[in-house]
Amino acid sequence: MKKKGMKIDRRRFLTAMGLGAGSLYLPSMGWRPSKAKASGDLPVRVVFFITPHGTVPPNWNLGFPGMEGADYERDITGLSEAEFSPILRPLHRHRDRLLVVDGLSRTSVIGEEQRVFRDNIGHDGNGHHLMQAHLLTCNWTLQRSGSTCIGGSRSIDQVLGDRVGVPGRWANRVYGYRHQHPYSWLASGEPAAREEDPSQAFRDMMGLLPDESEPTEPTEPAPPTREELIDAARTSVLDFAAQEFDRVAPRLGSEDRMKLERHRQLIRDLEVSLAARMSGGGGTTVPGGATCDPTFAGSGGGMEQFAQLTTLALSCDLTRVTTFVARPLENTEFGVPAGVNMHQDIAHNSTPDGASYTPEAEAHMTEYNRVYAEQFAYLLDQMASVPEAGETLLDHSVVVWLTELGTGTHHTYPIPNVIAGGGCGYFNTGRYVHFTESALTPFSWGGPFRIGPPQARLYVDIFHALGQTDVDYVGLPEVMDQDGNPISMRGPLPMLRA
Amino acid sequence: MRDALRSFRRGGRTWGRAAIAVATLSLLLPACEGAIGDPEAIGPGGNDRPVVCEEGGLVLGSAPMRRLTNTEYRNTLRDLFGSTPADLPTLPDDALREGTFENDALALGPSDVRVQRWEQISMALGAHAVGPARANVLPCDAGEADCARRFVEEFGRRVMRRPLENDERDRYLAFFEEQREAIDFDAAVQLTVAAMLQSPWFQYRIEVEGRGDYEIELDDYEIASRLSYLVWESMPDEALFAAAESGDLSRPGEREDQLRRMLDDPRARDMVRNFHRQWLHTERVLGEEKVPEIAPTWSDATRQAASEEAQRFAESVFFEGTVEDLLLSRAAVVNADLAPLYGVEAPAEGWAPVTLPAEERAGILTRVAFLAGEAHEANGSPILRGLHVMERFLCLPRPTPPADANTTPPMAMEGEGPFTNRQLFEQRTAPDRCQGCHETIDGFGFAFEHYDTAGQFRTTDNGMPVDATGVAYGTGNDGEFDGAIELSERLAESDVVRDCVAEKWFTYAQGRLLESEDTCQLDEIQNAFEAAGGDFVQLLVELVRRPEFAMRRAAEGE
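Because the structure is a prediction, the values reported are computed rather than measured. (Residues numbered from 1 in each chain as written. Chains lettered and ligands numbered in written order. Predicted model: local features only at pLDDT ≥ 70, side-chain atom pairs only at ≥ 80, totals over all residues. Heavy atoms only, no water.)

Novice: Help me understand the overall build of chain A, please; the structure alone is not making it clear to me.
Specialist: Broken down by element type, chain A carries 13 helices and 16 strands. Once local pairs closer than 6 in sequence are excluded, the contacts in chain A between residues at least 24 apart make up 74%. For chain A, the accessible surface area stands at approximately 17,600 Å², while carbon and sulfur atoms represent 51% of it. (Helix = DSSP H or I, 4+ residues; strand = E, 2+ residues; numbered from the N terminus. Contact = heavy atoms within 4.5 Å. Areas by Shrake-Rupley, 256 points an atom, 1.4 Å probe, with all protein chains shown as cover.)

Novice: Would you mind going over the interface of chain A and chain B with me for this structure?
Specialist: Reports of interface size often rely on the accessible area that becomes lost once the parts have come together. In this complex, chain A contributes 69 residues to the contact, which on the side of chain B involves 79 residues. Note on chain A versus chain B: buried area summed over both sides is about 6,500 Å², and carbon and sulfur give 58% of it. Applying the counting criterion to the chain A and chain B interface returns 8 salt bridges. Glu-209 of chain B is the salt-bridge partner of Arg-251 of chain A, the closest N and O atoms lying 3.2 Å from each other. Taken together, the links from chain A to chain B amount to 16 residue pairs in polar contact (both at pLDDT 80 or more). Among the elements of the structure, α3 (107-119), β6 (190-191), α6 (198-206), α7 (226-232), α8 (234-248), α9 (254-279) and α11 (342-346) of chain A are those that each provide at least two residues to the side of chain A that touches chain B. Among the elements that line the side of chain A that touches chain B, the one with the most residues is α9 of chain A, at 11 residues. Tallied by class, the residues present in the side of chain A that touches chain B amount to 29 nonpolar, 23 polar and 17 charged. (Buried area = accessible area lost by both parts, 1.4 Å probe. Salt bridge = Lys/Arg side-chain N within 4 Å of Asp/Glu carboxyl O. Polar contact = N/O pair within 3.5 Å; in protein donor to acceptor, adjacent residues only side chain to side chain. Nonpolar A, V, L, I, M, F, W, Y, C, P; charged D, E, K, R; others polar.)

Novice: When you look at the state of the cysteines in this model, what are you seeing that I'm missing?
Specialist: Any covalent bond linking the sulfur atoms of two cysteines counts as a disulfide. Residues and elements named next belong to chain B. Scanning the model with the defined rule gives 3 disulfides over all chains in all. Sulfur-sulfur distance for the disulfide between Cys-140 and Cys-147 comes to 2.0 Å. Taking the sign of the S-S torsion, 95° for the link of Cys-140 and Cys-147, the bridge is right-handed. The burial state of Cys-140 is the same as that of Cys-147; both residues are buried. No disulfide involves Cys-434; its sulfur sits 9.2 Å from that of Cys-437, the nearest cysteine. By relative accessible area, which is 19% here, Cys-434 ends up buried. (Disulfide = S-S within 2.5 Å. Buried < 20%, exposed > 50% of the residue type's maximum accessible area, 1.4 Å probe, protein only.)

Novice: Whenever I open this one, the packing of helix α10 (residues 220-231) of chain B against helix α12 (residues 252-263) of chain B confuses me. Can you help?
Specialist: For any two helices packed against each other, the geometry comes down to the angle between their axes and how far apart the axes lie. All names here are of chain B. In contact at an axis separation of 11 Å, α10 and α12 are set at 30° when each is read in the N-to-C sense. When the interaxial angle is binned, α10 and α12 end up roughly parallel. Note on packing geometry: the crossing formed by α10 with α12 is right-handed. Only Arg-255, Gln-258, Leu-259, Met-262 and Leu-263 of α12 make contact with α10, whose side of the interface consists of Ile-223, Leu-227, Ser-228 and Val-231. Of the residues in the contact of α10 with α12, the class split is 6 nonpolar, 2 polar and 1 charged. (Axes fitted to C-alpha atoms, helices over the stretch in contact; angles between N-to-C directions. Parallel < 35°, antiparallel > 145°, perpendicular 65-115°, else oblique. Left-handed = near helix turned anticlockwise from the far one by under 90°.)

Novice: What am I meant to see in a negative patch on the surface here?
Specialist: Residue and element names in this part refer to chain B. A contiguous patch of negative charge, built from Glu-324, Asp-325, Asp-482, Glu-486, Glu-489 and Glu-493, is present on the exposed surface. Secondary-structure elements contributing two or more residues to the negative patch are α15 (323-328) and α21 (484-492). Within the secondary structure, Glu-489 is located in helix α21. Glu-489 sits in the partly exposed class, given a relative accessible area of 40%. (Patch = residues over 30% accessible without salt bridge, like charges linked within 9 Å, V, L, I, M, F, W, Y side chains within 5 Å. Lys, Arg positive; Asp, Glu negative; His and termini not counted. Charge placed at Lys NZ, Arg CZ, Asp CG, Glu CD.)

Novice: Got a minute to help me understand the nonpolar core in this structure?
Specialist: The tendency in soluble globular proteins is for nonpolar side chains to be buried side by side. By size, the foremost hydrophobic cluster in this structure holds 161 residues, and its most contacted members are Phe-81, Phe-448 and Trp-505 of chain B. In terms of residue count, the dominant contributor to this core is helix α8 (residues 185-197) of chain B (10 residues). Not counting residues within four places of it along the chain, the set of residues in contact with Trp-505 of chain B comprises Met-271, Phe-275, His-276, Phe-318, Phe-536, Leu-539, Leu-540 and Leu-543 of chain B. Counting 57 residues, the second-largest nonpolar core is a separate cluster that includes Ile-346, Met-383, Leu-394 and Val-399 of chain A. (Core = buried A, V, L, I, M, F, W, Y, C linked by side-chain atoms within 4.5 Å.)

Novice: Even after reading the chapter, I still don't get helix α10 (residues 302-315) of chain A, so can you show me in this structure?
Specialist: Think of an α-helix as 3.6 residues a turn; residues three or four steps apart then line up on the same face. Residue and element names in this part refer to chain A. Here α10 is 14 residues long and its end C-alpha atoms lie 20 Å apart, about the 20 Å a rise of 1.5 Å per residue gives. Of all the 14 residues making up α10, 12 are buried; the element is thus mostly covered by neighbouring parts of the structure. Buried residues along α10 sit against β1 (45-51), β4 (173-176), α6, β7 (321-325) and α12 (359-384). Positioned one or two residues after α10, Asp-317 has a phi angle of 60°, which is positive. (Expected span 1.5 Å × (residues − 1).)

As structure tokens, then:
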């Protein structure tokens, strides 16, 4: 039985695209996910959920007051809803599956700030720009004269996709909204495409999924229609196009050649996708033997819709890595009158150590983050509702709530991190983990200060959770401290693993 | 950077200007600690090799392959098919970042999403080709002898923007025949069109045909595409193809003739608007909210009208005027949404030409799109407005603020004041470590204090008289001014501004950031622009007449 909702079947989609009714030539080969044998065979999937502007640390924290000077952990499974911090309270119902990580630092940003201000050669040192560019790269930004700084290397969501992607499926998806600059980068200066329109994102999926509405046990195979033949020839068109790329690439200079070779590979990937769709899954595994139900409820606002789509894409194994950029909130959504400048009047005034602090701004910024916690909880609800091998999709995923900045006042430390789902048992969830200050920063206008371990090392853990244990660092391997000694950004973090 | 460029100028006149630039720099350097004027800041990769310009010598910058921008892709499809189906899938955004344009080759690569959307669009246009666009695609009927070959050759030439090579034609023809045999003639057309639209020759602008080893003379079809994508952001038309076929485009005079012809086409007007949308960021105002106490009628319609007015103004100045007109002309078009902000009578319907009040307005820097775009909700931002002048009209890089700079709009503390907007900003940037840069930034920005957050003219601010006086630094025409009109007059006569405008157009034409190798060519173009009195059409004429327009440097590894 189908769920109610906005189900666009592939035939309607293709008809709308002017491609004719796209039913399958061999209807007996419908969507037949193969059955996973045990949870050990399940792929770990990853979602990077990114909200703007940072948090309000005292209203986010789940730690014991007065213990900031030590590394420690705290069991949060027994906490009541009221004992949860105001910002994280909406996540209380998922507390068994949460790992709240406090005290990490955006160390690579601090390293670049040092360079920017030491050299002072017209580099862009804007906190938003730097931290957006570093969030998923942990690497030097691309600084160009007369231009703002942007991502300077392939971001980790793309690299993860390269490593764990399945042929014929997407390596990675970037869904959601626009902050100032992109977070996800294909290469230095080249942002990854981000889909803003949920229905377009769904149409993309339907272009990849087999048509489930066909009967799976036909009695009489019908001869293909003209439209079906044309649809089937799309792979031949792609094959032809890819060969044209092969022909021209060797005639070009090295940079242009690499660009066309990358393009050629993407055409080949799409060709495999379409071929897999036509032959019914192409051997792709859908975890737990669950029937992939390509139904999109399309209910709620755009954020809810993207949460549904992310869940759909991961549960149908259309991709294993998704980056989800949250929508910037309207003032009225967190109780602030329209016309107030959220950035200038709320975020910048929200931390007690800031020069222009006001309690009202702190309260608004707290509410701002609580609303995002609700959105994050909604995504977790969706993922926890998909059964897989006796557990759920959420249990087999790593869902990370990242934010652009540490605080509304652009702090690079401490950075709030919430991991949900254990990644098939990699992370030991149901806990709050605090890292204390361990390194002296090389630079600050207010004098040097101490910071916790690099957030980049949490990303190393995520690589390891996905079986990529050869990865020892992401982005920069180290930056320099106050005395010119290296602060290492290598290796997974202690205290996180199960 | 500018002094690096200047130092290569030859002859008394240009050296004279170099002296100005260096003198300017000395005012900024001690304060800004090298943030401005560092030769390392040129181009990606810190290309700071010294370049020597010789009389009649050529120094060529790089010519990276450019993927079609979304605008170019859509325009090209429109011109290929005469029409396009509604509801095509959306394309991922092209990045527009400060200091560059959407056609920046570095950012124009493929992605999985784009490749998938292009595939869908190619198939949809294939269907369109045997439907409504049949006459634009097929030169013959299916029954006619040799129709497949004619279709592949003639439509293929327009898609690839050059005649197909023989083996290339044979490949498409073989593909066509295969599909015709498997399905039918129309399906073969549809699928062949889809294959052509996914060819690298269509999706990218590839230059590999020219003659030469290192300094390569482009072939005529490559020159035709350079012209058409510069002037129309689209493919060449038949007249331009004909000129390419006759081998005329290597002659500067022929390129000029073609340019002038093409500028008369409405597609050139679209390009001019698109350029100014990016250069002057005329869309910034679209996201701006205003407090109702100051601008009670501010609405989406107002924002749209402000953006549209700026683009119409820039468009008319480009075709009929000069840099001076851009900065000083009071000619405007307004509609009922915009007229009240300028204090002029609203037209009964639509848009109508007006002359704005002489005491209040002059040129683009006194228009609502700029004034209300570079502003906060309740007040104009002298800093944003000043940076706009510096970055977009003087081609100065934005200095780096300290990490802990307070960037909120300043407000009076309880029990203090009242203050004007200017006084609040002056207090904020008073510390020495701010003044090094803010003396210049705010020096420009305070010129606009006669305009409130919505761009309305005012003589008082918070009950006190407006102070819009200041001193311009770094303009090559420095000195005191009182208000935006006097500042605009200084800028209108500034060599630095005129050179900067030329640099922006040059960057747009190159599709990349400046490189040190561009120095000599840009210098010549700037000199010609000066000689032409800042006439924009002449600027483009000089650009396409240059020998470099018909040449490229061999790429690394080619």
